[in-house]
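Structural features, examined
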Amino acid sequence: MNELGEFALLMALVTALYGIAGYVMAIRQNRVDLYFSADRTPLIVWGCVMVSSIALWKAFITDDFSLQYVWAYSNRDLDIFYKISSFWGGQKGSLLFWTLLLTTYMMVVHVQNRKRDLRVVPIAMVVMLVITLFFLCLLNFSTQPFEIIPVPPEDGRGLNPLLQNYWMVIHPPTLYLGYVGFTVPFAFAVAALLTRNLDDGWIRMTRKWTLISWFFLCMGNLFGAQWAYVELGWGGYWAWDPVENAAFMPLMIATAYLHSVMIQEKKDMMKVWNMVLILLTYVMTIFGTFITRSGLIQSVHTFDEATLGYYFLAFLGVVTIFCIVLIIRRLPLLKSKNELDSFLSRESSFLFNNLLLLGIAFSTFWGTIFPIISEAVRGVKITVGPPFYNQVNVPIGLVLLALIGIGPVIAWRRATWSNLKKNFAIPVLGGLVCGAVVFPFVPITDKAETLSFIAFMLCAFVLTSIFLEFWKGASARKSMHHESLPVSFSNLVWKNKRRYGGYIVHIGVVFIFAGIAGSQAYSVDVERHLKIGDTIQLKGYDLTLEKVIWIKANETKERLIAQLAVVKDGTRIWTGKPEKEFYKGQNQPVSEVDLRSTLKEDLYLILADYRGEQFEPMSPTMATIKDGEATIKAHVMPMVAWIWLGGWTIAFGTVIAAWPDRAEARRRLERMKRMEGIFAPAQQE
């Protein structure tokens, strides 16, 4: 099976080469026979990569340690759940997984669009095949997942304990689905530029793909934050780690694109801007991959075998230069028909929104590459920490939050004073009332608390603004169609999925802002060494160490658990069990935090250290430590759960916005009927 997997990868590479040549020759020579021949290659390439992936999965599941990659990332005692996820635990497998997702996207796009705009789709297929070819070259010639060990060992080295967490099983595939997904709009944008078909046809064809990719990238970031929160045991969820930043930057640029592209569709403006944004989004996904796999920056997220930096740097350079040249050559065709009428308009609010999002992306980019630049220039690596990011991005983020509330209610083209007074009076009042209600309960003694207080007021302003939009729309529909309010509300959302799905996404973003504001400004913590029966107090909680337990989980894993009784207002409300896990062959134990989460606050417990030698057996695999002592770190962090609630709200809103719209499908069908010929003459420059 391993030989079949290796051979399938080689066949995929050869087929991709043939597909690229076939499509190009068919287009240049207008040969339909070559076109139909090349048109089969996306499906064949996907099939070959799928066979190769199945072969690698089989090797993991059957403990085939003759493969170096399986030996390095698995062992016989590893749970089947983690054996499956070990596939993307290292450099080689993750590249194969990336290629599998890329070819799957390509196959679906091919099936979905093969009978649509034949001026653009074949070129888009060529672009996707070229990108696939790059990854297949790496898999065949540089980092082969089917490398054989001459004398297979009895057992494997095992998966990194930090990766043995359910969030780490979900997080990488979700993030990869986002990263790889942006290949689709990138390919169609390049195809539109090459063929000079620069109307909004390519935007409509890739709208859902862009939204889905954005959704997965957003969820990937949030899942990564949850993994860091529950697994790394430092009491936080975001550290502005370079690899976190690498996933965050394309998310910001893609968010800017999703907003500005609506202006192009409605007003035929910002064509150059939108083209730059979608190309830049893809470039930043490659930059993120370069950061992860180059070895230039050390992080818990980077791969140990960071040997592909030069390949990705070269690929990044070629793609960037190609995009810049293409944009410059097509500038005359990208002129917009309309211009901004006023800075007080919805179009302007979208433009400001874009500038702020790019500002956050740029500051994050600068902070990420600054250590590399400082080392190259001065020979000393100077790391930029969270204070830099917070100082720059927090004020920008607050202005961006305000714009989320301004955008839905400000008028198109030009807002008058009466319009502003009429539409903004109630949202502003909502923000002020929130400030008055919250003021007695939250301290405002430093900059962080002041900014959080402002954030709460802005959150209320935005929520009031969005709820007013729902209320006005549902009320108008109720009067026109004589429906009950709940029915008019559901019909309003269902018949305007894109608009109101977007509003629900904005509600989720507000929840995230509120969660970040609450947890960053008002968290408290304590660290104390405890003997059995000792108690520490923190923000109304009494934490008493009851016992320390040792458990032999299996042949390769042991657990040491500190059990704490948690009492509040005289009532026992929870039993906390933070622990350390010890893995065979690993030098350092891994902390497993325990937390009690509510919408108000999280009680977050970490077992930092331990002592004790007098084991009292309870069973062959369990014992209490009579003289056990434990160093406990306890955090109380308000409103963290709002961040995760915001994520699920965003997911719900995205599903509504991306749900198929029959009216839109009918309009697209009418456009297709108007198209003539297979390779229609391109628009002349």
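Every chain begins its residue count from 1, and numbering advances along the sequence as written. Given that the model is predicted, a residue must reach a pLDDT of at least 70 before its local features are reported, and side-chain atom pairs must reach 80 or more before they are shown or counted; all residues, however, enter totals for whole chains, interfaces and linings. Water and hydrogen atoms play no part in the side-chain values, which are based on all heavy atoms of the structure.

**Considering the packing of helix α16 (residues 417-438) against helix α17 (residues 447-481)**
For the pair α16 and α17, the least separation of the axes is 8 Å and the interaxial angle reads 140°. Comparing their axes, α17 and α16 come out oblique. When the axes of α16 and α17 are compared, the crossing they make is right-handed. The segment α16 lies against α17, with Asn423, Phe424, Ile426, Pro427, Val428, Gly430, Gly431, Leu432, Cys434, Gly435 and Val438 engaging Phe453, Phe456, Met457, Ala460, Phe461, Thr464, Ser465, Leu468 and Lys472. To get an axis, a line is fitted to the C-alpha atoms, and for a helix only the part in contact is used. The angle between two axes follows their N-to-C directions and goes from 0 to 180 degrees. Here a strand is any run of E in DSSP of at least two residues, a helix any run of H or I of at least four, and the numbering for each starts at the N terminus. Angle categories are assigned with fixed cut-offs, so that under 35 degrees is roughly parallel, over 145 is roughly antiparallel, 65 to 115 is roughly perpendicular, and the rest are oblique. Rotating anticlockwise by less than a right angle from the far helix to the near helix defines a left-handed crossing, while the corresponding clockwise rotation defines a right-handed one. Any pair of residues with heavy atoms lying within 4.5 Å of one another is described as a contacting pair.

**Some words on helix α1 (residues 2-29)**
Helix span, expected: 1.5 Å multiplied by one less than the number of residues in the helix. Between the first and last C-alpha of α1 there are 40 Å, a value that for 28 residues agrees with the 40 Å anticipated at 1.5 Å per step. At the C-terminal side of α1, Asn30 shows a positive phi close to 55°.

**A short note on unusual backbone geometry**
You will see that Arg196, though not glycine, has its phi angle at about 65°, which is positive. Its location among the elements puts Arg196 in the loop between α9 (183-195) and α10 (201-232). For each residue, the accessible area found with a 1.4 Å probe, counting protein chains only, is set against the maximum for its type, and the residue is called buried under 20%, exposed over 50%, and partly exposed in between. The class of Arg196 is partly exposed, set by a relative accessible area of 23%. One non-glycine residue with positive phi stands out, namely Asp569, at about 55°. For Asp569, a relative accessible area of 73% corresponds to the exposed category.

**What about the pairing of strand β12 (residues 629-638)?**
Across the 10 residues of β12, nine count as buried, placing the element largely inside the fold. In this scheme, strands are said to pair when DSSP sees at least two bridges between them. Pairing of strand β9 (residues 601-611) with β12 involves 10 bridges; the strand directions are antiparallel. Considered in β12, the bridge of Asp602 is made with Met637.

**Side note on the packing of helix α14 (residues 346-378) against helix α15 (residues 386-406)**
Closest axis-to-axis distance for the α14/α15 pair is 10 Å, and the angle between their directions is 165°. Judged by the inter-axis angle, α14 sits roughly antiparallel to α15. Crossing of α14 against α15: the hand is left-handed. Contact with α14, carried on its side by Ser349, Phe352, Asn353, Leu356, Leu357, Gly359, Ile360, Ser363, Thr364, Trp366, Gly367 and Thr368, involves Phe388, Tyr389, Val392, Asn393, Ile396, Gly397, Val399, Leu400 and Leu403 of α15 and no other residues of that element. Tallied by class, the residues present in the contact of α14 with α15 amount to 12 nonpolar, nine polar and no charged. Residues are grouped as follows: nonpolar covers Ala, Val, Leu, Ile, Met, Phe, Trp, Tyr, Cys and Pro; charged covers Asp, Glu, Lys and Arg; every other residue, Gly included, is treated as polar.

**Description of a nonpolar patch on the surface**
Residues Met1, Leu4, Phe7, Met11, Val51 and Ile54 make up a contiguous nonpolar surface patch of about 500 Å² in total accessible area. At the level of secondary structure, the elements contributing two or more residues to the nonpolar patch comprise α1 and α3 (41-61). Element by element, the count of residues in the nonpolar patch is highest for α1, at three residues. Here Leu4 is to be found in helix α1. Residues forming no salt bridge and having over 30% relative accessible area are the ones grouped into patches, like charges within 9 Å of each other and nonpolar side chains (Val, Leu, Ile, Met, Phe, Trp, Tyr) within 5 Å. For accessible areas, the Shrake-Rupley method is used with a probe of radius 1.4 Å. Any residue's cover is judged against the shown protein chains and nothing else. Salt bridges are defined by distance alone: a side-chain nitrogen of Lys or Arg within 4 Å of a carboxyl oxygen of Asp or Glu.

**Some details on the UniProt feature "domain: Cytochrome c-type biogenesis protein CcmF C-terminal" (unreviewed entry) in the chain**
UniProt positions are given in the numbering used here, feature names are shortened, and annotations may be inferred rather than shown by experiment. Under the present numbering, the feature "domain: Cytochrome c-type biogenesis protein CcmF C-terminal" (unreviewed entry) in UniProt falls on residues 313-658. Its end C-alpha atoms 34 Å apart, residues 313-658 is made of 53% helix and 25% strand.

**Focus: the packing of aromatic side chains**
Aromatic ring pairs are described here by two measures, namely the spacing of the ring centres and the angle between the planes. Two rings belonging to Phe, Tyr or Trp (six-membered ring only in the last case) form a pair when the distance between their centres is within 6.5 Å. Interplanar angles under 30 degrees mark stacking, angles over 60 mark edge-to-face geometry, and anything in between is tilted. Taken as a whole and assessed by the stated rule, the structure comprises 43 aromatic pairs. Ring centres of Phe287 and Phe290 lie 6.4 Å apart, and the angle between their planes is 45°; on these two criteria the pair is classed as tilted. Within this pair, Phe287 and its partner Phe290 are both found in helix α12 (residues 271-294), separated by three residues, close to a single helical turn. Residue Phe287 is classed as buried on the basis of its relative accessible area of 8%. Assessed through its relative accessible area of 8%, Phe290 is described here as buried.

**A look at the sheet that holds strand β1 (residues 524-531)**
An order of β1-β12-β9-β8 is seen for the four strands of this open sheet, with the pairing classed as antiparallel. Single-partner strands in this sheet number two, and they are β1 and β8 (594-597). The average undirected angle you get between the axes of adjacent strands in this sheet is 15°. By the bridge criterion, eight bridges tie β1 to β12 in an arrangement that is antiparallel. Counterpart to Glu527 in the pairing with β12 is Lys633.

**So, the pattern of salt bridges**
Taken as a whole, this structure holds 12 salt bridges when the rule is applied. Between Asp63 and Arg76 there is a salt bridge, with the nearest N and O atoms lying 4.0 Å from each other. Remark: Arg76 occurs in the loop between α4 (68-73) and α5 (80-85) and Asp63 occurs in the loop between α3 and α4; sequence separation between them is 13 residues. Its relative accessible area of 14% is what places Asp63 among the buried residues. For Arg559, the salt bridge goes to Glu579, with nearest N and O atoms at 2.8 Å. Taken together, the residues Arg559 in strand β4 (residues 557-568) and Glu579 in strand β6 (residues 579-583) connect sequence positions 20 residues apart. Overall, the relative accessible area of 25% leaves Arg559 in the partly exposed class. On the basis of relative accessible area, Glu579 is assigned to the buried category, the value being 7%.

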